[in-house]
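Residues per chain are reported as follows:
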Amino acid sequence: MKTLSMIAQKGGTGKTTLSIHLAVQAQLADLQVLLVDTDPQASATAWWRRRRAEAPALVQGSGEHLADILRNAKRRGYDLVVIDSAPHSSDESRISAGLSDQVYIPSRPAILDLDAIGASTELVSDLKVAAKIVLNGCPPPTRLREPNIVVEARQALTVYRVPVCDVAISQRAAFSHALIDGRAVSEFDGKGKAAQEINRLWNTLKEDLSL
Ligand SMILES: Nc1ncnc2c1ncn2[C@@H]1O[C@H](COP(=O)(O)OP(=O)(O)OP(=O)(O)O)[C@@H](O)[C@H]1O
Ligand SMILES: [Mg+2]
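Just so it is clear, the model here is predicted, and its values are computed rather than measured.

Peer 1: Whenever I open this one, the side chain of Thr204 confuses me. Can you help?
Peer 2: Structurally, the position occupied by Thr204 is in helix α10 (residues 193-209). Thr204 gets classed as buried once you look at its relative accessible area, which sits at 16%. Aside from chain neighbours lying at most four places away, what touches Thr204 is Tyr104, Lys132, Cys165 and Val167.

Peer 1: How should the pattern of salt bridges be read in this particular structure?
Peer 2: Any two side chains of opposite charge can pair, so long as their charged atoms come close to each other. Scanning all chains against the criterion turns up seven salt bridges. One salt bridge in this structure joins Arg51 and Glu187, with 2.8 Å as the shortest N-O distance. Of this pair, Arg51 sits in the loop between α2 (43-50) and β3 (57-60) while Glu187 sits in helix α9 (residues 185-188), and the two are 136 residues apart along the sequence. When its relative accessible area of 11% is taken as the criterion, Arg51 is described as buried. Judged by relative accessible area, Glu187 falls into the partly exposed class, the value being 27%.

Peer 1: Can you walk me through the site of ligand 1 in this structure?
Peer 2: Residues in contact with ligand 1 amount to 19 residues; listed here are only the nearest, Lys15, Thr16, Thr17, Asn136 and Ser170. Here Asn136 contributes a side-chain N or O atom positioned 2.9 Å from a nitrogen atom of ligand 1. Its free accessible area being 630 Å², ligand 1 has 79% of it covered by the protein chains. Put simply, ligand 1 lies in the second largest pocket. Among the elements of the structure, α1 (15-28), β6 (131-138), β7 (169-170) and α8 (173-180) are those that each provide at least two residues to the shell around ligand 1. With three residues, the top contributor of residues to the shell around ligand 1 is α1. Of the residues assigned to the shell around ligand 1, the class counts are three nonpolar, 12 polar and four charged.

Peer 1: How do you make sense of the environment of Ser100 when you look at a structure like this?
Peer 2: As for its position among the elements, Ser100 is in the loop between α4 (90-98) and β5 (102-107). C-alpha separation for the pair Ser100 and Arg51, spaced 49 residues apart in sequence, amounts to 26 Å. Of the polar contacts made by the side chain of Ser100, one reaches the side chain of Ser5; its length is 2.7 Å. A polar side-chain atom of Ser100 sits 2.7 Å from the main-chain carbonyl oxygen of Ser96.

Reading guide: rules and limits
Residues numbered from 1 in each chain as written. Chains lettered and ligands numbered in written order. Predicted model: local features only at pLDDT ≥ 70, side-chain atom pairs only at ≥ 80, totals over all residues. Heavy atoms only, no water. Helix = DSSP H or I, 4+ residues; strand = E, 2+ residues; numbered from the N terminus. Buried < 20%, exposed > 50% of the residue type's maximum accessible area, 1.4 Å probe, protein only. Contact = heavy atoms within 4.5 Å. Salt bridge = Lys/Arg side-chain N within 4 Å of Asp/Glu carboxyl O. Near = heavy atom within 4 Å. Polar contact = N/O pair within 3.5 Å; in protein donor to acceptor, adjacent residues only side chain to side chain. Areas by Shrake-Rupley, 256 points an atom, 1.4 Å probe, with all protein chains shown as cover. 1 Å grid on protein atoms, 1.4 Å probe; cavity = no way out; pocket = protein on both sides within 12 Å on 5 of 7 lines; lining within 4 Å. Sits in = over half its atoms within 2 Å of the grid points. Nonpolar A, V, L, I, M, F, W, Y, C, P; charged D, E, K, R; others polar.

Okay, here's the thing in structure tokens:
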């Protein structure tokens, strides 16, 4: 069993959106997936309750219960656990990152978001856990190149010792539309650009976790 944590101290960077999408993508690839919602705001749980399909499974639990949740998940034969975490809680993020094989740190490409990323990168460096920054909510790329803001964000992020994921997720209405009735973009518009980007991110995760 492999575990991914999605952490970012800043709110609204896409932790829940990317957790949900990677969990669904893994499920579509026939893995047994457990999504763990550790955020008291419970956005992933609200999405899951709106969902018709039962998979991926979801459980709520705060940091103190996380080790037990993972032990149970392993016993039940899950292949992948995705932990969605709350913003502004470095203690909880530290616990989930410490129990994970891989951490993704979503960030919007705007400068204030990039500035705020230091707390998360320090945390993963301290813990020596494998981590990547994932740019989310980016302007869509043109056919030939990434938009300047994404290129500049990649440059600005070189000051941190955490690599930036090659796949950048664009700001696309499909991400909001799909979540309304408990779906993910690949279930909402499987051939759309949002689904293609998520599939590329999933391929990256598969490699990162040797799934
Ligand atoms: N790539 C995207 N395209 C369009 N909308 C997006 C994208 N990513 C996130 N959003 C929207 O931005 C908002 C914040 O995203 P999300 O809830 O995933 O962030 P979060 O980091 O989990 O927030 P919090 O810190 O409050 O838990 C949501 O309304 C979500 O639908
Ligand atoms: Mg969230």
